[in-house]
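# Descriptive analysis of the structure
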Amino acid sequence: MSARAVNGVPGPSTLMGDPGPEGRFGDFGGRFVPESLVPACLELDAAFREAWADPGFHLEFEQILTEFGGRPTPVTRCLRLSERLGVTVLLKREDLAHTGSHKLNNVIGQALLTQRMGKTKMIAETGAGQHGVASATAAALLGLECTVFMGEVDVERQSLNVFRMELLGATVRPVTSGSRTLKDAVNEAMRAWVSEVADTHYCLGSVMGPHPFPYMVREFQSIIGREARGQCAALLDGAAPDLVVACVGGGSNAAGIFSGFVDTSSRLVGVEAAGGSAIGTGIPGVLHGMKSQLLQDEEGQIKEAHSISAGLDYPGIGPEHAHLAATGRAEYTRAGDDEVIDALCILAETEGIICALESAHALAWVLREAGGAIPAGSSVLVNLSGRGDKDVAQVRELLAARTKR
Amino acid sequence: MSGLLATSPAPGGGLEPGALEQHLRARRASGAKLLVPYLMAGMTPDWLATLEAVVAAGADAVEVGIPFSDPVMDGPVIQDAALASLAAGTTPESVLAALGEADIDVPLAVMTYYNLIFRAGHRRMARSLAAAGVAAAIVPDLSLEELGPWAEEAGDAGVETVLLVAPSTSEARTAAICARSRGFVYAVARMGITGERADIGDAAAEVVAKIRRATDTPALVGVGVSTPEQATAVCAHADGVVVGSALVRRLLAGEGPEGAARFVGELRSAIDDG
Ligand SMILES: Cc1ncc(COP(=O)(O)O)c(C=O)c1O
């Protein structure tokens, strides 16, 4: 697996490495937070680095993810779909992880850190509710108090997940400001964190926010890429897949799987929601503690994202993805609502897997581009970031509306 | 407002105090406690008249908010003011154009979030502020580690950047922040976002003491100070107060320039009587 350096792009050793004490990924990243929160970010950075250098922490982290979380998740060969598309489709099955998505990996790591820092409470933001459910789960497992901020619009479209969080003993706080989706849930969680930072950890759900979150969350999610690298090698005669494809909201499942292949010649492809495409239609800016690509107007007022998928309804993207895009090491593309619903249905019918609407974005791009941007005969690893149970009611409505149309 | 702000800055934001700091130091030397009200530009159609009324009622300087869509340091009252202002079409340019035309004889500091500065460009924003006669900028989400590029351009344009010290800030960080704060040092009264509080708590006195050990730049307490009594209590330790949400709430309720002047007048007499 040879490393590649294209057009003077920095070598793989500098890509997806340690972003340093200020958390810089090229021109992106940083720590743009009110002074009240800076000491908490510094404390977290120190606690994370210490834990991550401690074999005892890794042992505990991996033990929980195995015994409780159901890892390693398998890689599934999609025989019928591959035949239909003329490319070999492999799925990394994060939908089979406990709580139904990759979000658990990050949350177990952060909940363990919360304990190490001597804090007793966690707050979290959530869009689709998957990160909220994972946070509530980890809090129950480790005996922490948990409050989840969720936009009112998302509370409505993901009501099943709201109930799951409550069953797990968490408090769900509906957010009524702004667009009442993920962006506003993050705002509200940050506001709450300022007042409660002494005994509360903010368990951020993606590779975004101020340093050390983008770095730390990627490291916790890198278990996806490490597993997948070995699993693909076993299936592909030692080779890495030609393409590695993942959906991108904040970008944590993508960062997790990309990190396992960044030093190979695999093409890395991130798929954003067409209505929330920070790389495609955003420009550089600063929001939620990070410098990254953002949907915004000329003056710098943040625009609202629009997607049927609550987990991708976010106007920004993690800073490391902005950097991977700028260097050309990863490509970012988008999928529209209609093709996403089709992709979800096709996977269900041909492979017997109902995936999350978020994950269906990655698949939609593969369905569209097989034989095009994806040459026939290629091997394609898709990160199936979550299962679709949370979305079936919404998909039923969307399909009914489509029949009427 | 030209006379006051024509003071030429030391190149590169050197040690010579700018217009805001000179003014506040002079007022402090005369024995006064410093009163800095906050209002959001564009939040009501008569915000400029309100600004003038607040100055006439005894403000030593005024903090003028430029609205941002996602104000993470602000509570519901200032969020509502920002929304109202954005809905009315307010932009950084429209605010600075209005301030440039206004006739105000105390220094002004704009308070906004970093993305608006970043998008405009550091040099362009610094020069626009200076051209509009604005003395200083307060950018709460621009941390010490990220300050450099903006501080350099602001210093070159003669714009002071006021930095914040929080209850959670260590002694060593406080020293580093105070060394780079210009105009005054903003002592955050409590861990939390802006908004009125029944009880000001005792963190403020400790923050002021930390600042005093690091600098003799004026230290003003803000975030949560809501009543004349609280302002007086805070001024027992601090050089002055910033009062935001309590004033903005009155303006959102339609009290207008007269209501604003009445409230600022009450604050003024309370801290003068000490
Ligand atoms: C199943 C699933 N996939 C993907 C995402 C998007 O997050 P990220 O881009 O951080 O992986 C979410 C977010 O809620 C999700 O629930």
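The structure presented is a predicted model; accordingly, all values stated were derived computationally and were not measured.

## With respect to the overall build of chain B
Tallying secondary structure elements over chain B gives 13 helices and 8 strands in all. On C-alpha atoms alone, chain B measures out to a radius of gyration of 17 Å, which is about the 19 Å that the 2.2 N^0.38 rule sets for 274 residues. Evaluated residue by residue, chain B yields a buried proportion of 60% over its 274 residues. Here the contacts in chain B between residues at least 6 apart in sequence split such that 74% fall between residues at least 24 apart. Element-wise, carbon and sulfur atoms account for 53% of the exposed surface of chain B, whose accessible area totals about 9700 Å².

## So, the confidence of the model for chain B
Low pLDDT marks regions whose predicted coordinates should not be analysed in detail. Averaged over every residue, the pLDDT of chain B is 94; residues scoring 70 or more account for 95%. Counting contacts from residues 1–14 of chain B, a segment whose pLDDT is below 50, to residues more than four positions away or on other chains yields 28 contacts.

## A few points about the domain arrangement of chain A
Residue and element names in this part refer to chain A. Once the domains are mapped, chain A shows domain 1 (24–65 + 104–213) and domain 2 (70–101 + 222–403). Distance from the C-alpha centre of domain 1 to the C-alpha centre of domain 2: 22 Å. Of the residues lining the interface, 39 residues belong to domain 1; the matching set on domain 2 comes to 44 residues. A buried area of about 3300 Å², summed over both sides, lies between domain 1 and domain 2, and 61% of it is on carbon and sulfur atoms. Ranking the residues of domain 1 by area buried against domain 2 places Phe-28, Arg-157 and Lys-183 at the top, with a combined share of 20%. Remark: the boundary between domain 1 and domain 2 carries 1 salt bridge. For Asp-313, the salt bridge is made with Arg-157, and the minimal N-O distance between the two is 2.7 Å. If you look at where domain 1 meets domain 2, you find 15 residue pairs in polar contact (both at pLDDT 80 or more). Looking at the side of domain 1 that touches domain 2, the elements that each hand over two or more residues are strand S2 (28–32), helix H2 (55–67), helix H4 (103–116), helix H5 (130–142), helix H6 (152–157), helix H7 (159–167) and helix H8 (182–196). Along the lines of polarity and charge, the residues of the side of domain 1 that touches domain 2 split into 16 nonpolar, 16 polar and 7 charged.

## Digging into the site of the ligand
Residues and elements named next belong to chain A. Surveying the vicinity of the ligand reveals 18 residues, the closest of which are Ser-206, Gly-249, Gly-251, Ser-252 and Ser-385. For the ligand, an oxygen atom lies 3.3 Å from a polar atom in the backbone of Gly-250. One of the side-chain nitrogen or oxygen atoms of Asn-253 is found 2.8 Å away from an oxygen atom of the ligand. In isolation the ligand offers 390 Å² of accessible surface; the protein chains occlude 97% of this area.

## Here we look at the packing of helix H9 (residues 171–180) of chain B against helix H10 (residues 203–214) of chain B
All names here are of chain B. In the contact formed by H9 and H10, the axes pass within 9 Å of each other and the chain directions differ by 60 degrees. Our classification of the angle between H9 and H10 gives oblique. Here H9 runs over H10; the crossing is right-handed. The residues of H10 that touch H9, namely those facing Glu-171, Thr-174, Ala-175 and Cys-178, are Lys-210, Ile-211, Arg-213 and Ala-214. Residue composition of the contact of H9 with H10, grouped by class: 4 nonpolar, 1 polar and 3 charged.

## Concerning the sheet that holds strand S5 (residues 160–165) of chain B
All names here are of chain B. Reading around the circumference, S1-S2-S3-S4-S5-S6-S7-S8 is the order of the 8 strands in this closed barrel, with parallel pairing throughout. Across the sheet, the axes of successive neighbouring strands diverge by a mean angle of 25 degrees, strand direction being ignored. The pairing of strand S1 (residues 34–40) with strand S2 (residues 62–65) spans 3 bridges and is classified as parallel. Each residue of the ladder has a partner; that of Tyr-38, found in S2, is Glu-63. With respect to the sheet, H9 is in contact with S5 and strand S6 (185–188), its orientation differing from that of S5 by roughly 165 degrees. Sitting on the sheet, helix H11 (residues 228–235) is in contact with strand S7 (219–222) and strand S8 (240–243), with an inclination near 145 degrees to S8.

Rules and cut-offs
Residues numbered from 1 in each chain as written. Chains lettered and ligands numbered in written order. Predicted model: local features only at pLDDT ≥ 70, side-chain atom pairs only at ≥ 80, totals over all residues. Heavy atoms only, no water. Helix = DSSP H or I, 4+ residues; strand = E, 2+ residues; numbered from the N terminus. Rg over C-alpha atoms; globule rule 2.2 N^0.38 Å. Buried < 20%, exposed > 50% of the residue type's maximum accessible area, 1.4 Å probe, protein only. Contact = heavy atoms within 4.5 Å. Areas by Shrake-Rupley, 256 points an atom, 1.4 Å probe, with all protein chains shown as cover. pLDDT = per-residue confidence, 0-100. Domains from an automatic or database assignment. Buried area = accessible area lost by both parts, 1.4 Å probe. Salt bridge = Lys/Arg side-chain N within 4 Å of Asp/Glu carboxyl O. Polar contact = N/O pair within 3.5 Å; in protein donor to acceptor, adjacent residues only side chain to side chain. Nonpolar A, V, L, I, M, F, W, Y, C, P; charged D, E, K, R; others polar. Near = heavy atom within 4 Å. Axes fitted to C-alpha atoms, helices over the stretch in contact; angles between N-to-C directions. Parallel < 35°, antiparallel > 145°, perpendicular 65-115°, else oblique. Left-handed = near helix turned anticlockwise from the far one by under 90°. Pairing = 2+ DSSP bridges.

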